[in-house]
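# Descriptive structure summary
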Amino acid sequence: MSRVAAGDRAALRDLYDATSAKLFGVCLRILSSKEESEDVLQEVYLTIWRRADRFDAARAGVLAWIATIARNRAIDRLRSRGPTAYAEPIEDYEFPDAGPGAEALVEAADETRRLQGCLSELDDRTQALIRTAYFGGVTYEALALRMDAPLGTVKSWIRRGLAKLKGCLER
Amino acid sequence: MSEGPELSDAEAFAAEHALGVLSPADRAEAERRMAADPAFAAEVEAWRARLAPLALGVASVPPPAGLWPSIERALPANDNPADARGLRLWRRATIGSLGLAAASLAAAVMLANRPPVRVQPQAPAPVLNASLTTQGDAPVPLFVAAYDPVRKAMIVTSLVKPGADPAHVHELWVIPADGKPRALGFVEPGKSKSIPMSRDLAESMAVGSSIAVSVEPPGGSPNRNAPSGPIAAIGRLAKI
């Protein structure tokens with residue numbers, strides 16, 4: 001990452017080769033559109049190029065950092081589509097398979113397993129809410145509408161879920 | 001299963017921002033706090049890192065072969081690592097998942113973070129102008145503002161159709177180099193007005209100072225230190 005920050009294009013290419021399939025999967029998962037995912041993926045690597053100097057290894061792994069950029073960019077794109085983007089139903093509870101290429105991302109796979117383990121300690125409803133929010137950019141208001149539950153209730157489900165998640169991850 | 005520890009309000013807000021469940025107005029507020037409060041920004045980053053494995057658990061799909069060449073073509077031609085120093089000023093401002101309002105507000109904060117341009121005290125002070133446009137790919141001018149250093153006033157003209165959106169007011173903000181938005185008052189659709197400014201605020205106006213208009217409930221933003229509604233238009237002062 002420090003090579004990318006120094007303006008080394010070959011380093012960005014290496015990073016692209018190692019991570020683009022994972023990030024493209026993230027974009028597709030959120031946007032369900034190949035064209036838009038390609039657009040966003042391009043923005044993601046340009047963002048990494050410009051911001052590599054801000055990467056702080058003490059705070060996050062490289063993969064977590066760039067996956068967050070990809071996820072956030074894709075959510076921005078999803079939101080820019082307007083209200084119809086939120087018409088999808090609440091997620092299924094299952095985790096998707098890690099898929100091909102994941103073997104190369106051993107560290108990420110470990111972290112994913114860990115988070116998956118902690119999520120599975122939450123009740124099904126809270127898991128589904130958290131996953132729906134994360135992959136759908138769905139706000140409290142929209143979640144409450146979909147669940148036909150009071151806003152305050154949905155809020156406290158998620159807050160409690162996040163607190164438990166943190167407690168579990170720190171164990 | 002044991003109960004996890006309760007999150008403090010600030011941490012819960014940070015976690016909610018990282019997860020993406022906040023309303024557009026709250027997202028804007030969270031972005032503003034990230035720009036102003038490094039501890040809060042670190043909290044958001046920590047939550048993003050905690051949740052990132054969710055994204056990493058998604059199945060990989062190789063992108064089309066033609067994508068890398070188009071990324072390479074789009075890289076800036078004059079790669080100057082020194083530019084990265086300037087980018088540091090933008091820390092944390094846009095990496096988040098931003099709604100339009102949040103993006104606009106963050107942009108305002110970022111622009112305001114640029115070092116102030118020193119105006120020569122002896123030179124005749126020029127009027128500074130700004131065209132306030134919508135954000136996005138095709139910006140539309142909605143307001144025109146001019147800072148008159150002699151009268152120490154902001155003259156603003158609304159290009160919004162008179163009578164548009166009577167349920168809301170348009171509140172004018174300036175964001176000087178300290179990055180803190182200051183409310184200047186309301187601008188009625190289709191009207192012009194001259195708004196006197198305090199001496200301190202007037203003297204903080206410079207080329208590059210950001211000016212924005214937010215859409216607020218009647219009476220204006222309940223928070224006097226920041227817009228509560230979406231940013232309708234934004235621009236920067238410049239010499240004509």
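Residues numbered from 1 in each chain as written. Chains lettered and ligands numbered in written order. Predicted model: local features only at pLDDT ≥ 70, side-chain atom pairs only at ≥ 80, totals over all residues. Heavy atoms only, no water.

Along the backbone of chain B there are seven helices and nine strands. Considering chain B as a whole, with its 240 residues, one finds that 49% of them fall into the buried category. Within chain B, counting contacts between residues at least 6 apart in sequence, those at least 24 apart form 62% of the total. About 11100 Å² of surface is accessible on chain B, with carbon and sulfur atoms providing 57% of the total. (Helix = DSSP H or I, 4+ residues; strand = E, 2+ residues; numbered from the N terminus. Buried < 20%, exposed > 50% of the residue type's maximum accessible area, 1.4 Å probe, protein only. Contact = heavy atoms within 4.5 Å. Areas by Shrake-Rupley, 256 points an atom, 1.4 Å probe, with all protein chains shown as cover.)

Looking now at the pattern of salt bridges. Residue and element names in this part refer to chain A. Evaluated as defined, the whole model comprises 20 salt bridges over all chains. When the shortest N-O distance is used, the salt bridge between D39 and R77 registers 3.6 Å. In this pair, D39 is assigned in helix 3 (residues 34-51) and R77 in helix 4 (residues 62-80), connecting sequence segments 38 residues apart. Judged by relative accessible area, which is 40%, D39 ranks as partly exposed. The structure contains a network of salt bridges with shared partners spanning E36, D39, E43, R73 and R77. (Salt bridge = Lys/Arg side-chain N within 4 Å of Asp/Glu carboxyl O.)

Before going further, it helps to examine the nonpolar core. Core analysis: the largest hydrophobic core is formed by 76 residues, its most contacted members being A:I48 and B:L19. Ranked by residues supplied to this core, first place goes to helix 2 (residues 9-31) of chain A with 10 residues. B:A130, B:V156, B:V174 and B:I195 belong to the second largest nonpolar core, which has 22 residues in total. (Core = buried A, V, L, I, M, F, W, Y, C linked by side-chain atoms within 4.5 Å.)

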